[in-house]
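A look at the structure
Letter by letter, the chains look like this.
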Amino acid sequence: MIDLHTHILPAIDDGAKTLEVSLEMARIAVSDGTSVMACTPHIYPGLYMNDSPGIHAARDKLQHALDTFHIPLKLVVGADAHLVPELLDGLSKGRVPTLHGSRYFLLEPSHHVAPPQFENSVFQIMAAGYVPVITHPERLVWIEHHYPAFLELARRGAWLQLTAGSIVGKFGKPARYWSEKLLGDGVVHLIASDAHNTSKRNPVMSDALPTLESALGKEEAQRLVLDRPRAILDNKDPGEVAAVPGLADSSTSHLRAGQPWFKRWFRRV
Ligand SMILES: [Fe+2]
């Protein structure tokens with residue numbers, strides 16, 4: 001698997017507190033089947049003042065430690081970029097790193113309140129040539145009253161990333177419900193761990209696979225944890241990447257019409 005959302009870099013945000021924790025997170029990820037991981041610390045002006053040079057340096061240092069301890073995990077650079085007015089400027093000037101230097105980047109909307117002009121802000125960034133990967137929409141408090149916005153953003157070319165733990169109920173019933181709804185509407189592009197530590201927020205993703213495989217089939221499950229993340233690392237044009245089920249040519253009409261198309265295999269919560 002390829003995990004493109006983690007807070008594994010030590011003492012840089014609210015993720016790993018020490019190098020020892022980072023190393024243990026890496027060991028957990030490797031034993032879970034992850035071979036490539038993006039280091040994506042928060043960039044949140046006023047709170048987490050990370051930038052591209054600092055993240056690159058921290059990645060290099062941690063990769064050296066992993067190599068020293070023979071932990072077979074390849075680290076790439078990214079950031080969990082909070083949606084703020086200066087984000088596009090940060091991306092274009094290189095202060096905010098995209099995922100492995102690609103056109104794709106992690107976009108974190110505020111957790112508790114819908115950002116003003118949310119859709120327009122995202123469209124503006126997309127118009128500049130970036131593909132935002134919107135992080136864990138299923139965990140946002142305000143998704144309940146803004147669900148159609150996520151369908152519209154996906155239809156217009158944004159990618160959506162679910163947290164593996166949400167799918168198996170680690171973030172509670174609402175997050176699980178919205179995970180199933182987004183997966184059911186076929187608009188989820190990838191799964192990541194959003195790991196912060198070695199305990200409750202660990203980098204385990206494999207426990208979501210049985211649910212994904214039984215609901216979406218093995219092939220789509222692999223796309224969620226491997227193929228689309230790899231396409232991001234290869235900076236593939238989104239048009240060349242396997243479409244999510246709800247946006248495949250024959251089924252886009254359901255999103256426009258707001259009609260459910262997906263047989264609800266998921267167990268209701
Ligand atoms: Fe995150």
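Relevant structure appears above.
Residues numbered from 1 in each chain as written. Predicted model: local features only at pLDDT ≥ 70, side-chain atom pairs only at ≥ 80, totals over all residues. Heavy atoms only, no water.

1. Some details on the nonpolar core
Let me state the cut-off plainly: Residues grouped as a nonpolar core are buried Ala, Val, Leu, Ile, Met, Phe, Trp, Tyr and Cys residues, joined through side-chain atoms within 4.5 Å. A simple rule labels every residue: compare its accessible area, found with a 1.4 Å probe on the protein chains alone, to the largest value its type can have, and call it buried under 20%, exposed over 50%, or partly exposed in between. Only DSSP runs of H or I with at least four residues qualify as helices, and only runs of E with at least two residues qualify as strands; both kinds are numbered from the N terminus onward. What makes two residues a contact is simply this: any of their non-hydrogen atoms within 4.5 Å.
Among the nonpolar cores identified, the biggest contains 85 residues, and L87, I191 and L212 are the most heavily contacted of them. Take this core: its biggest share by element is 7 residues, from helix α9 (residues 218–233). Non-local contacts of L212, meaning those with residues more than four positions away in its chain, are made with I167, L183, I191, G217, A221 and L224.

2. So, the coordination of the iron ion
Inclusion rule: Here a donor is any nitrogen, oxygen or sulfur atom (N, O, S) within 2.8 Å of the metal, with 3.2 Å used for Na, K and Ca; water is not among the atoms considered, so some sites may look incomplete. Just to be clear on the cut-offs, tetrahedral is four donors with all angles between 85 and 135 degrees, square planar is four donors and octahedral six with opposite donors over 155 degrees apart and all others between 65 and 115, and anything else goes down as irregular.
In the first shell of the iron ion, the protein supplies H5 (NE2), H7 (NE2), D80 (OD) and D194 (OD), at 2.0 to 2.4 Å from the metal. In this structure, the iron ion is surrounded by 4 donor atoms whose angles at the metal cover 80 to 171°, and the resulting shape is irregular. Positions of the donor residues of the iron ion along the chain correspond to the pattern H-x1-H-x72-D-x113-D. Here D80 lies in strand β5 (residues 80–82) and H7 lies in the loop between β1 (2–3) and α1 (19–32), a separation of 73 residues in the sequence. Neither residue differs from the other here; H7 and D80 are each classed as buried.

3. Observations regarding the pattern of salt bridges
For the record, the criterion: We define a salt bridge as a contact between a side-chain nitrogen of Lys or Arg and a carboxyl oxygen of Asp or Glu at a distance within 4 Å.
The full count for this structure, using the stated rule, is 15 salt bridges. R59 is the salt-bridge partner of D60, the closest N and O atoms lying 2.8 Å from each other. Residue D60 is classed as partly exposed on the basis of its relative accessible area, which comes to 43%. You can call R59 buried: its relative accessible area is 17%. Between R176 and E180 there is a salt bridge, and its shortest N-O distance comes to 3.5 Å. A residue pair is termed a helical-turn pair when its members lie 3 or 4 positions apart in one helix, as R176 and E180 do in helix α7 (residues 173–184) at 4 residues. Taken individually, R176 and E180 each receive the classification buried, so the pair is uniform in this respect. Look at the salt bridges and you will find they share partners, linking E219, E220, R223 and R228 into a network.

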